[in-house]
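Structural characterization, general
Each chain, written out:
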Amino acid sequence: PTSPSKSGGGSVRLRPVDGAMWARKCGAAPQWPSRIKVLLQSFMTAAVGLAVWQWMSAADLGYLDLKRPQSPDVLCLSEWPLRHSADSWWRAETWQDWFSYREDMNTYVRDNQCTGNVSSSHAKCSSANVPLYQMDRNLGIPLGLDNYSWRNDTIEIYGHLFLWMTICLWLAVTVHDLALLTVTKKDYIYDLRGIRNNFRCCNLLYKLLGYRCWKRLFRGGGIRCGQKRWCKLPGKILAIPLAPVFAAWAVASFFFIICPVVAIVFLIYPVRLSRALIFLNCIAVGIQGVVLALHSIAFVSSVEERQIYAVTWERVSSTGMTCTCGCMYPISQGRCVNLLIIGVMVAYKSFALAFRCMKGLRRSNWANLISVLFPVPLTVYEVAWTRPDGSAIQHRVGGQPVQGEMAFDAFALMDEQIDSSRTTVNLVPCAVSPAFEPTNWSTNEVVSYLTDLEMPQYCDYVQRNSVDGRMLLQLCRKDLLSEIGCTSKIHASRIRGKLGTFDEASASRNGGELADNSRHSTRKLSGPRLTAFSEVTQEQRRLEYIGCCGFPCRRGENGNHFHKDSDGETDAEEHQTPSAVGSSTVPAALVQVEGGAKDAENAEVRSRAGSGEQDPN
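Within each chain, residues carry numbers counting from 1 in the order of the written sequence. In view of the model being predicted, local features appear only for residues whose pLDDT reaches at least 70, and side-chain atom pairs are presented and counted only at 80 or more, with totals across whole chains, interfaces and linings using the full set of residues. Each side-chain value is derived from all of the structure's non-hydrogen atoms; neither hydrogens nor water enter the calculation.

Thoughts on the sheet that holds strand 3 (residues 75-77)
The three strands lie next to each other as 3-7-6, forming an open sheet whose pairing is antiparallel. Strands with a single pairing partner mark the edges of an open sheet, and in this sheet they are strand 3 and strand 6 (308-316). For this sheet, the mean inter-axis angle between neighbouring strands, taken without regard to orientation, is 30 degrees. The pairing of strand 3 with strand 7 (residues 322-330) spans three bridges and is classified as antiparallel. Bridge pairing in strand 7 links leucine 77 to threonine 324. Strands pair, by our definition, only if DSSP identifies at least two bridges between them. We count a stretch as a helix when DSSP gives it H or I for four or more residues in a row; a strand needs E for two or more, and each element gets its number in order from the N terminus. Comment: axis = line fitted to C-alpha atoms, over the contacting stretch for helices; angle = value between 0 and 180 degrees taken between N-to-C directions.

Comments concerning the nonpolar core
Among the nonpolar cores identified, the biggest contains 51 residues, and Met56, Leu64, Val74, Phe162, Phe254, Ile258 and Ile278 are the most heavily contacted of them. Every element with two or more residues in this core is listed here: helix 2 (32-57), helix 5 (154-180), helix 10 (243-268), helix 11 (274-301), strand 6, strand 7 and helix 12 (333-362). Throughout, a contact is declared for two residues whenever any of their heavy atoms are within 4.5 Å. The contact partners of isoleucine 278, leaving out residues within four places of it in the chain, are Leu169, Ala172, Val173, His176, Cys357 and Ile370. What is meant by a nonpolar core is a set of buried Ala, Val, Leu, Ile, Met, Phe, Trp, Tyr and Cys residues, joined one to another through side-chain atoms within 4.5 Å. Residue burial is assigned from relative accessible area. The probe radius is 1.4 Å, only protein chains are included, and a residue is buried under 20% of its type maximum, exposed over 50%, and partly exposed in between. Counting 21 residues, the second largest nonpolar core, distinct from the first, contains Val467, Leu472, Leu475 and Ala492.

As for the layout of surface pockets
Buriedness of a pocket was judged along seven lines, with at least five required to meet protein on both sides within 12 Å; pockets are open sets of points on a 1 Å grid over the protein atoms alone, cavities are sets where a 1.4 Å probe fits but cannot get out, and lining residues have an atom within 4 Å of a point. Grid points are joined across faces, edges and corners, and a volume is the space filled by probe spheres set on the points. Counted as a void, the second largest pocket has a volume near 840 Å³. Looking at the second largest pocket, it is lined by 27 residues, and the ones nearest its centre are Leu192, Tyr206, Leu209, Phe279 and Leu280. Counting residues per element, the ones that place at least two in the lining of the second largest pocket are helix 6 (192-198), helix 7 (201-208), helix 10, helix 11 and helix 12. Top contributing element to the lining of the second largest pocket by residue count: helix 10, with seven residues. Residues are sorted three ways: Asp, Glu, Lys and Arg are charged, Ala, Val, Leu, Ile, Met, Phe, Trp, Tyr, Cys and Pro are nonpolar, and all the rest, Gly among them, are polar. Along the lines of polarity and charge, the residues of the lining of the second largest pocket split into 23 nonpolar, one polar and three charged.

So, empty space enclosed by the protein
Counting across every chain of the model gives two cavities of 30 Å³ or more. Forming the walls of the second largest cavity are Leu61, Gln134, Met135, Arg137, Asn138, Leu139, Gly140, Ala310, Val311 and Thr312. A class-by-class count of the residues in the lining of the second largest cavity yields five nonpolar, four polar and one charged.

Structural notes on the packing of aromatic side chains
For this analysis, a ring pair means two rings from Phe, Tyr or Trp (six-membered ring only for Trp) whose centres lie within 6.5 Å, classed as stacked if their planes differ by under 30 degrees, edge-to-face if by over 60, and tilted for the remaining angles. Evaluation of the coordinates by the stated rule reveals six aromatic pairs. Here phenylalanine 199 and tyrosine 269 contribute two aromatic rings whose centre-to-centre distance is 5.5 Å and whose plane-to-plane angle is 75 degrees, an arrangement assigned as edge-to-face. Of this pair, phenylalanine 199 sits in the loop between helix 6 and helix 7 while tyrosine 269 sits in the loop between helix 10 and helix 11; the two residues are 70 residues apart in sequence, bridging distant segments of the chain. Overall, the relative accessible area of 34% leaves tyrosine 269 in the partly exposed class. A centroid spacing of 5.0 Å and a plane angle of 45 degrees characterise the contact between tryptophan 441 and tyrosine 449, whose relative ring orientation is tilted.

Rendered as structure tokens:
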């Protein structure tokens, strides 16, 4: 991208070459713009978890339902532990108090009673007068209840789990994407086959889930003891009622055994296990999001299930002792709905990220960046490709597109084929301008267009000046149609207006027909029909193909036409693109054959064979 230029002192200075990408013009080294973008995008993934943790841990007065106090009287203590006090983490007394009020709350309240008379001690929580400036403090631990319950720490537990798991996900995504950007490291990231071959303990971890044991029971395999199997029929009967037990065991072993073990091994082999850790971490965060959503539904439906916070303020007793008074309130219903939305969104994003990672786990050569998403042009759809022998691929039937939904992966199923490990995709730009577009018109076709518009008086000017379609468009854009003798503004408006429109009436008037785009309605391209192209048959239009993203794809009317040479070779040979699966080649456009019916039949057979479409005969 740069060329050397010598200065007066003899040193060589790199000068950007015209036409280089913007990063090279700015002097950036190769791959560094991609690395910076990966770092920024992966940090955004961690920022989401940080924002969720901060929202859950930064509860204030606005989170609470102040109309539902849990106790009618104000409680005053000499010391009231607050939530998320940063300086308290480093004090031994804080940890002692943390254990004491969790073991026996009544004893803790009795030992920390405020001595002397406090103005707020005899007040009610529904009518207490509190200075507003004292509300700018963290909420407190709910004390004075019958017993401390772990449900009063539910939101904090979720928040810290999201924080640490998101940090782990951020590290794995960063290592994975930076390794993919390097030539020497990208082949070291293991897929499932590489993990099974190089980490034998992974098979033991998979067996630890208990899924294989339950499946064997469900299928009547019984319990294997040595070379024999016992309790085949009773095991099959008990498999259904024992399914929740196996599911609970699988979730517990996944969170507390498999994920920690993989995270520890990741510290030793960060590049090799980065993709596996991303997948496991996303599954774990997704499960946690589902559990949070279900827990939030319980919060919304029942006030007794909600987490309780304490609103505290300071008062001075008659003995001069500073006391902390407070009342307990549950979290409001609106905040419970917010928790429900957070759980649903976290679960959705986590599972979506896990599904994106599965492509590289199945086949390492089909891996993609996790942190960066790319826009896919809509002209790619509908995606259609076949096996080398022309038959349908796995998980698809004949005549069915591989991907017809424009909001889903255009490269779906490419990593799930038998020979996916030996295939790849080549992105090749292909012409999309059909022959009937004005940019491809010759002078005679411009004359035909003006004749169809009932303006033959301008045909002599067009033929005399050799005006083709591209020149006609330039004259229209620059308002210079007077050069072909068109001085009427009405006629000029008709000439410009009909260039980009097409309807059924004009098609029938010009002898043309709409192409069969029932399977590819998203690829319709409107444009005027010319009498010069009316002899192109419906069957020829239907057989037009154009290479798209390395695999053949029907393009309806949008294919280019290539004429056969006298020696039998076609002009389309240069435009052939490799199929996405296999090494066979397919024509990038229709081979329009001039001649008799036999040649037309051979052209149809070649087009069908290249696309993988079955011959109806």
